[in-house]
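Single-letter residue listing:
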Amino acid sequence: MAEVGEKKKISAGRALGMALGNRKTGFMLLFGFASGLPFALFLGTLFAWLTEAGVDLETMGIFSLIGLAYAFQFLWSPLIDKVSIPVLSRLGRRKQWIVPAQLLLGGILITMSVLEPRSQLGMFSLLAGIGAFASATQDIAINAWRIDVADEVATIDILSTVYQMGYRLSSLVGGAFGLIIAARIGWPETYMLMGGILLAVGFVGLWAPNATEQASEVASESERQVRALRQAGELAPGVRNRALALVGLLWAGAIGVVLAFMIMSMTYAPEDRPNPTEFTLNVGPWIVVATIILPALIAGWLASKKRNGEHVLSEDQAPASGGAYAADHLYRALVLPLVEFVGRMGWSLVLILAVVLTYRICDAIWGTFAYPFYLGELQYTNDDVAFASKFFGVGAIIAGLALGGLMLTTIGRMATLLIGGIMAALTNLLYADMALGGANMQAFSDAIGFTYLIEQIPGIGDAELAKLTITIAFENLAIGIAGAAYIAWLSSIVSKQFSAVQYALLSSLTLLVGTLGRGALGEMIEEQGYYDVFILTTWIGLAAAVLVCLEWWRESRGKRSAGVIAPEAGEAIPAK
């Protein structure tokens, strides 16, 4: 048995080495970096530039609107799955979106660098808004590319881990590094440099590998799927069209609400503008209900009718034309991804949604209150927090991602998902100790010699900084492991045929729970203090771990009943 285990370990290590040396993995790192850099520049560093330029806070509030592009990116995700762009489609199904978006982003950043934010605020804000839209579009396509190109060497687990490494590195480059170089060479030069980096990534991205299907082949497959809707056993057009009309109405209403909000925010007087935070908190959940929850229920109804042989065609029909042809294409783009997912998952979808809504809840909510806790409650300085969170913390996340990738390869996806979830939940207890003064974290830091190492840092190193740094390090290490496993798991349950839509819809639910939870958590902090909040989030995280156990059991049972014995992570890959 020991010999068998050793062979498995060696084969897992060989598989990891093969994956890391794979061409797809290198481009995944590059695309992850390109995905995170605009987010850091548009929703973080940009506000520092505007502050130095003397732009008032009320006007800066408009720039928070660009975050809506990321929050509601799923609204145009069907286009990424369905539309082939003339000429650009030769680049590949996903690259026809990725490469132009990166080149556009590079051009926007360079153009912004030659503008004066205070005197040319209108053009500046317009470019930032277009940039955020292009960045969110790029994210949809990159996530779909990762799922499409995964194979037995560059597995979805490894690609998901490498993607996050690139993303985290870009947040460091666009955030902390951006602030440092801006203080030395100026903001225009900094944004010009960042724009040049994205232009270079877009150019290099031309050589990124495609999935086995090219865009033209995908278009043919899309056409085949549309024609298949008229075959015997498929739902009757009348039933499909009623479902399409209802789903289309819900999506059109959601898009209309978002557009109306953005127009009001850009054109109304400052005192009459709607509040972006309140909009996301109060209206955002209803948008998700209209675009995800209700359409999923409709899709479930359609899937059940087809499974039971109700409202289906008894014989093949002639290919559609005119308006019926357009309706079939719309159904394929908007409703069929949901029907496929709900039909494939069945009642297991309830468990999957429960995991999605709870697994990253602590991370999604906590980010808003981290700095008030560090600076206000614990009375650390900006320099202390920058060192512990931005520099040491980012390094800890990258280390966690690396460890998570190794665990995915050696012990498997679900085991890593469970361990990462438990670790992320338990790190809340470290913060609970900090809320009480941090005596235990201080003792631990002293015992392992970490305090001594931090005290050697000139200017800021002391015992107080050591206990904050080691607390953040453990949390970020756990976040890295959990994040690597979560993205890999989420990517593994979507269909390659509809990866852009299905992944965008599922990932948006994580944003939803974070948005909803922040208000309640803020009230709890004010009423009961941070300690009780950390105990609560620990229990929520452990509950998520229980749900992961149930999902693990569901997947294992499904594979056994289907007779699936294909290797996951950690099992030997046959030699070529």
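If you're wondering where the values come from, they're calculated on a predicted model, not measured in any experiment.

## A few points about the overall build of the chain
Point 1. Of regular secondary structure, the chain possesses 23 helices and 0 strands.
Point 2. The 576 residues of the chain split such that 52% are buried.
Point 3. Of the contacts formed within the chain by residues at least 6 apart in sequence, a portion of 83% connects residues at least 24 apart.
Point 4. Counting only carbon and sulfur atoms, one obtains 67% of the accessible surface of the chain, whose full area is about 24900 Å².

## Quick word on the packing of helix α8 (residues 156-185) against helix α17 (residues 382-410)
Point 1. One can describe the packing of α8 onto α17 by two numbers: an axis separation of 9 Å at closest approach and a directional angle of 175°. One element, α8, and the other, α17, form an angle in the roughly antiparallel class. The residues of α17 that touch α8, namely those facing Asp-157, Ile-158, Thr-161, Gln-164, Met-165, Arg-168, Leu-169, Leu-172, Ala-176 and Ile-180, are Lys-390, Phe-391, Val-394, Ile-397, Ile-398, Leu-401, Ala-402, Gly-405, Leu-408 and Thr-409.
Point 2. A class-by-class count of the residues in the contact of α8 with α17 yields 13 nonpolar, 4 polar and 3 charged.

## A few points about the pattern of salt bridges
Point 1. Across all of its chains, the model carries 13 salt bridges by this definition.
Point 2. The residue Asp-81 makes a salt bridge to Arg-93 at a minimum N-O spacing of 3.3 Å. Of the two residues, Asp-81 is situated in helix α5 (residues 77-82) and Arg-93 in the loop between α5 and α6 (95-113); the sequence distance between them amounts to 12 residues.
Point 3. A salt bridge links Glu-551 to Arg-554, with the shortest nitrogen-to-oxygen separation between them at 2.8 Å. With Glu-551 and Arg-554 both in helix α23 (residues 530-562), this residue pair falls 3 residues apart, about one helical turn. Assigned by exposure class, Glu-551 and Arg-554 land together as buried.
Point 4. The network of salt bridges with common partners includes Asp-81, Arg-93, Arg-94 and Asp-148.

## Here we look at the nonpolar core
Point 1. Among the nonpolar cores identified, the biggest contains 127 residues, and Phe-42, Phe-72, Phe-74, Leu-302, Tyr-331, Trp-489 and Ile-493 are the most heavily contacted of them.
Point 2. No other element matches helix α7 (residues 121-149), which puts 13 residues into this core.
Point 3. If you look at the next biggest cluster of nonpolar residues, it comprises 25 residues, including Ala-370, Tyr-380, Ala-432 and Ala-466.

## Looking at the environment of Leu-105
Point 1. With respect to the helices and strands, the residue Leu-105 is situated in helix α6.
Point 2. The spatial distance from the C-alpha of Leu-105 to the C-alpha of Leu-199 is 7.7 Å, given a sequence separation of 94 residues.
Point 3. Once you skip the residues sitting within four places of it in the chain, Leu-105 turns out to touch Pro-38, Phe-42, Gly-131, Ala-134, Ser-135, Gln-138 and Leu-198.

## A few points about α7
Point 1. Between its terminal C-alpha atoms α7 stretches 41 Å, which fits the 42 Å expected from 29 residues at 1.5 Å a residue.
Point 2. Of all the 29 residues making up α7, 22 are buried; the element is thus mostly covered by neighbouring parts of the structure.

## Some words on unusual backbone geometry
Point 1. Positive phi, close to 70°, is recorded for Val-87, a residue that is not glycine.
Point 2. Structurally, Val-87 is set in the loop between α5 and α6.
Point 3. Of note in this structure, Gln-379 is not a glycine but carries a positive phi near 65°.
Point 4. Its place among the elements puts Gln-379 in the loop between α16 (361-377) and α17.
Point 5. We classify Gln-379 as exposed; its relative accessible area is 60%.

## Details of the confidence of the model for the chain
Point 1. Here the chain averages 82 in pLDDT, while 86% of its residues score no lower than 70.
Point 2. By mean pLDDT, the top-scoring element of the chain is α6 (95), and the lowest-scoring one is helix α1 (residues 2-20) (48).
Point 3. Below a pLDDT of 50 lies the segment residues 562-576, which in the model reaches 24 contacts outside its immediate sequence neighbourhood of four places, other chains included.

## Here's the deal with the side chain of Thr-137
Point 1. Tracing the sequence through the fold places Thr-137 in helix α7.
Point 2. With sequence-adjacent residues up to four places away left out, Thr-137 is seen in contact with Trp-76, Ile-80 and Trp-97.

## Some words on a nonpolar patch on the surface
Point 1. A cluster of nonpolar side chains, Leu-104, Met-123, Leu-126 and Ile-130, forms an exposed patch at the surface whose accessible area comes to about 350 Å².
Point 2. When residues in the nonpolar patch are grouped by element, the largest group, 3 residues, is from α7.

## A short note on the environment of Trp-553
Point 1. With respect to the helices and strands, the residue Trp-553 is situated in helix α23.
Point 2. On the accessibility criterion, Trp-553 (48% relative accessible area) is partly exposed.
Point 3. Residues Trp-553 and Met-414, 139 residues apart in the sequence, show an inter-C-alpha distance of 9.5 Å.

## Quick notes on the environment of Gly-300
Point 1. Positionally, Gly-300 belongs in helix α12 (residues 276-307).
Point 2. Residues Gly-300 and Trp-347 lie 47 residues apart in sequence; the distance between their C-alpha atoms is 9.4 Å.

## Some details on the packing of aromatic side chains
Point 1. For the structure shown, the criterion picks out 22 aromatic pairs.
Point 2. An angle of 75° between the planes, with centres 5.1 Å apart, marks the rings of Phe-31 and Trp-145 as edge-to-face. In this pair, Phe-31 is assigned in helix α2 (residues 23-52) and Trp-145 in helix α7, connecting sequence segments 114 residues apart.
Point 3. Between Tyr-163 and Tyr-167 the ring centres are 6.1 Å apart and the planes differ by 45°, which places this aromatic pair in the tilted class. Of this pair, Tyr-163 and Tyr-167 both sit in helix α8, separated by 4 residues, roughly a single helical turn.
Point 4. Following the ring pairs from residue to residue traces out a cluster consisting of Phe-373, Tyr-374, Tyr-431, Tyr-530 and Phe-534.

## Quick look at the packing of helix α18 (residues 413-435) against helix α19 (residues 439-447)
Point 1. Following both chains from N to C, one finds α18 and α19 inclined at 110°, their axes separated by 7 Å at the closest point. If you check the angle between α18 and α19, you find them roughly perpendicular. Taking contact as the criterion, the partners of Leu-430, Asp-433 and Met-434 in α18 are, on α19, Ala-439, Asn-440 and Met-441.

## Concerning the side chain of Asn-143
Point 1. In this structure, Asn-143 sits in helix α7.
Point 2. We classify Asn-143 as buried; its relative accessible area is 8%.
Point 3. Side chain to side chain, Asn-143 and Arg-146 meet in a polar contact 2.8 Å long.
Point 4. Those residues in contact with Asn-143 that sit more than four places away from it in its chain are Tyr-163 and Tyr-503.

Here is what the cut-offs are and how they apply
Residues numbered from 1 in each chain as written. Predicted model: local features only at pLDDT ≥ 70, side-chain atom pairs only at ≥ 80, totals over all residues. Heavy atoms only, no water. Helix = DSSP H or I, 4+ residues; strand = E, 2+ residues; numbered from the N terminus. Buried < 20%, exposed > 50% of the residue type's maximum accessible area, 1.4 Å probe, protein only. Contact = heavy atoms within 4.5 Å. Areas by Shrake-Rupley, 256 points an atom, 1.4 Å probe, with all protein chains shown as cover. Axes fitted to C-alpha atoms, helices over the stretch in contact; angles between N-to-C directions. Parallel < 35°, antiparallel > 145°, perpendicular 65-115°, else oblique. Nonpolar A, V, L, I, M, F, W, Y, C, P; charged D, E, K, R; others polar. Salt bridge = Lys/Arg side-chain N within 4 Å of Asp/Glu carboxyl O. Core = buried A, V, L, I, M, F, W, Y, C linked by side-chain atoms within 4.5 Å. Expected span 1.5 Å × (residues − 1). pLDDT = per-residue confidence, 0-100. Patch = residues over 30% accessible without salt bridge, like charges linked within 9 Å, V, L, I, M, F, W, Y side chains within 5 Å. Phe/Tyr/Trp six-rings, centres within 6.5 Å; stacked < 30°, edge-to-face > 60°. Polar contact = N/O pair within 3.5 Å; in protein donor to acceptor, adjacent residues only side chain to side chain.

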